[in-house]
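# A structural walkthrough
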Amino acid sequence: MTDNNKENILNIQNMAEIKSVGILTSGGDAPGMNAAIRAVTRSAIYAGLKVFGIRRGYQGLIEDCISEFETQSVSNIISRGGTILKTARSMEFKTPEGRAKAYANMQKHGIDSLVVIGGDGSITGATIFSKEYNIPIVGLPGTIDNDLAGTDSTIGYDTAMNTIMDCVDKIRDTATSHARLFFIEVMGRDAGFLALNSAIATGCEDVIIPEEKTQYEQLKMLIDNGFRKSKSSALVIVTESKDPNGGAMGLAQKMKEEFPDYDVRCSILGHLQRGGSPTAADRILASRTGYAAVEALLQGQRNVLIGIRNDEIINIPFAKAIKKDKPIDPDLLKVLRVLSI
Ligand code: F6P
C-alpha cells in the first residue's frame, strides 16, 4: 500500500511531525484496556510511528520499564481483561522530581508523545506532565466508573455493568428462595453510574448513589410495602463511598434493627467487577478511541481525552473531562423506582 493510500484510510497527515508514541495504562485496570493498547499500537505503526509500551503506568515511566512494541506485541489480547502493560497508582509521579525522571526516560528512548489510558487521576497526571514539559499527550477513558465528563461511556464500564448484572441475578435467586432483603455494594468510587444502571438492568428495588441524598425513610417504606404486597425478595444496590449511613453494611445493619422480622444480608462484590473478558461494546469503544487517539496526535492535538457522544468520537479537553461534574440522568432514577413497584 502506498503512503497516500495509508493517509486516506487513517485520515491523517503527520502535521505534528511526531515520530514515536509511548503507551501506558494507569490507575485501576479496566476490561478493554488491552483492546485500547492494541488499537493505539497498530494505528501508530500503520502511520509509520515507533511505539513504546510502558509497563506499570507512570511509575514504570519513572523506573524505565519501557520496550519497543511491534504489531505482534499486541496479538491476541483484544479479548483479555486487565492490562498487559500492568498498572500502578504512582505517588512519585505526583512530585516534580518523579516527573523529571519520567521525562528523562522519554528522552532516552526518543519518545515524543504519549497515550495515557486511565481514569481521572491518570488524566490529571497527564495534564500536569504535559504542561510542565510541553509533551503532546492524548488520553483514553479507561475506567469502570464512567466518571469522566464529556464522554457517554468509558472503556470497561459496560463490561463491569454486565459482570454486576450476572452477580445480582444470582443473588436474586438465593434472595427469592429465602425471602431476603439484600444490600449489594458495587464499585464506582464517587460516581453512581454503575450502581444506577445495573440496578435498572436487574430490576432492583432501589439504589443508593452518591449523587442523591439517601432518602432513608422512603427506602424503609418501599421495602416494607414491597414485602407486604407479595414481593419475595428485595435488592438494593449501593455505591461504595462515604455514605452517611455506612454504605451497604451500615444500611443492612440499620434495616435489621428497624425490621427484626426481615432476613437481611449484605454482599460486597469487590474487585471481581474489574476483571473478565471485555464485552463487544468495550472492545469496539477501545478500538475506535485508540485509533482516534493516534489520529489526534498526528493532527497536532494535545491534552484531549478521546470520548464518545451519541456514537460519535469526540475530543474533550482534559480540563473538562476531569471536572467531576458528570451528571446522573434523574429520569433513570424514576425509571428504576416506577418499574420496581
Ligand atoms: O477507579 C476504579 C476503581 O475500581 C473504583 O471503582 C474503586 O473505588 C477503586 O478503583 C478501587 O481501587 P483499588 O483497586 O486500588 O482498591
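Moving on to the packing of helix 6 (residues 157-178) against helix 7 (residues 193-201). Viewed as axis vectors pointing N to C, helix 6 and helix 7 meet at an angle of 50°, and their least axial separation amounts to 9 Å. Of the possible angle classes, the one that applies to helix 6 and helix 7 is oblique. Two packed elements cross with a definite hand, and for helix 6 against helix 7 that hand is right-handed. Facing helix 6, whose interface residues are Tyr157, Ala160, Met161, Ile164 and Met165, helix 7 presents Phe193, Leu194, Asn197, Ser198 and Ala201. Of the residues contributing to the contact of helix 6 with helix 7, the split by class is eight nonpolar, two polar and no charged.

Let's shift gears to the pairing of strand 2 (residues 50-54). Counting buried positions along strand 2 gives four out of five residues, so the element sits mostly inside the fold. Pairing of strand 1 (residues 20-25) with strand 2 involves five bridges; the strand directions are parallel. Residue pairing for strand 2: Leu24 is matched across the bridge by Ile54. One crossover worth recording links strand 1 to the parallel strand 2 by way of helix 2 (residues 33-46), and it is right-handed. Two strands pair when backbone bridges link them, and strand 2 and strand 3 (residues 66-69) are joined in this way by four bridges, in the antiparallel orientation. Residue pairing in the sheet places Ile54 in a bridge with Ile66 of strand 3.

The subject of this paragraph is the site of the ligand. Close to the ligand lie Arg89, Ile144, Asp145, Met187, Gly188, Arg189, Glu240, His271 and Arg274. At 2.5 Å from an oxygen atom of the ligand is found a side-chain nitrogen or oxygen belonging to Arg89. Partitioned by chemical class, the residues of the shell around the ligand number two nonpolar, two polar and five charged.

A separate point is the layout of surface pockets. Empty space within the largest pocket amounts to approximately 660 Å³. Forming the boundary of the largest pocket are 33 residues, of which Gly27, Arg89, Gly121, Ser122 and Arg189 lie nearest the centre. At six residues, the largest contribution of residues to the lining of the largest pocket is made by helix 5 (residues 120-133). When the residues that make up the lining of the largest pocket are grouped by side-chain class, the tally is eight nonpolar, 14 polar and 11 charged. Its boundaries defined by the atoms lining it, the second largest pocket holds a volume of some 210 Å³. For the lining of the second largest pocket, the per-class residue count stands at five nonpolar, three polar and three charged.

Parameters and conventions
- Residues numbered from 1 in each chain as written.
- Predicted model: local features only at pLDDT ≥ 70, side-chain atom pairs only at ≥ 80, totals over all residues.
- Heavy atoms only, no water.
- Axes fitted to C-alpha atoms, helices over the stretch in contact; angles between N-to-C directions.
- Helix = DSSP H or I, 4+ residues; strand = E, 2+ residues; numbered from the N terminus.
- Parallel < 35°, antiparallel > 145°, perpendicular 65-115°, else oblique.
- Left-handed = near helix turned anticlockwise from the far one by under 90°.
- Contact = heavy atoms within 4.5 Å.
- Nonpolar A, V, L, I, M, F, W, Y, C, P; charged D, E, K, R; others polar.
- Buried < 20%, exposed > 50% of the residue type's maximum accessible area, 1.4 Å probe, protein only.
- Pairing = 2+ DSSP bridges.
- Right-handed = clockwise from strand over helix to strand, strands pointing away.
- Near = heavy atom within 4 Å.
- Polar contact = N/O pair within 3.5 Å; in protein donor to acceptor, adjacent residues only side chain to side chain.
- 1 Å grid on protein atoms, 1.4 Å probe; cavity = no way out; pocket = protein on both sides within 12 Å on 5 of 7 lines; lining within 4 Å.
- Points joined across faces, edges and corners; volume = space filled by probe spheres on them.

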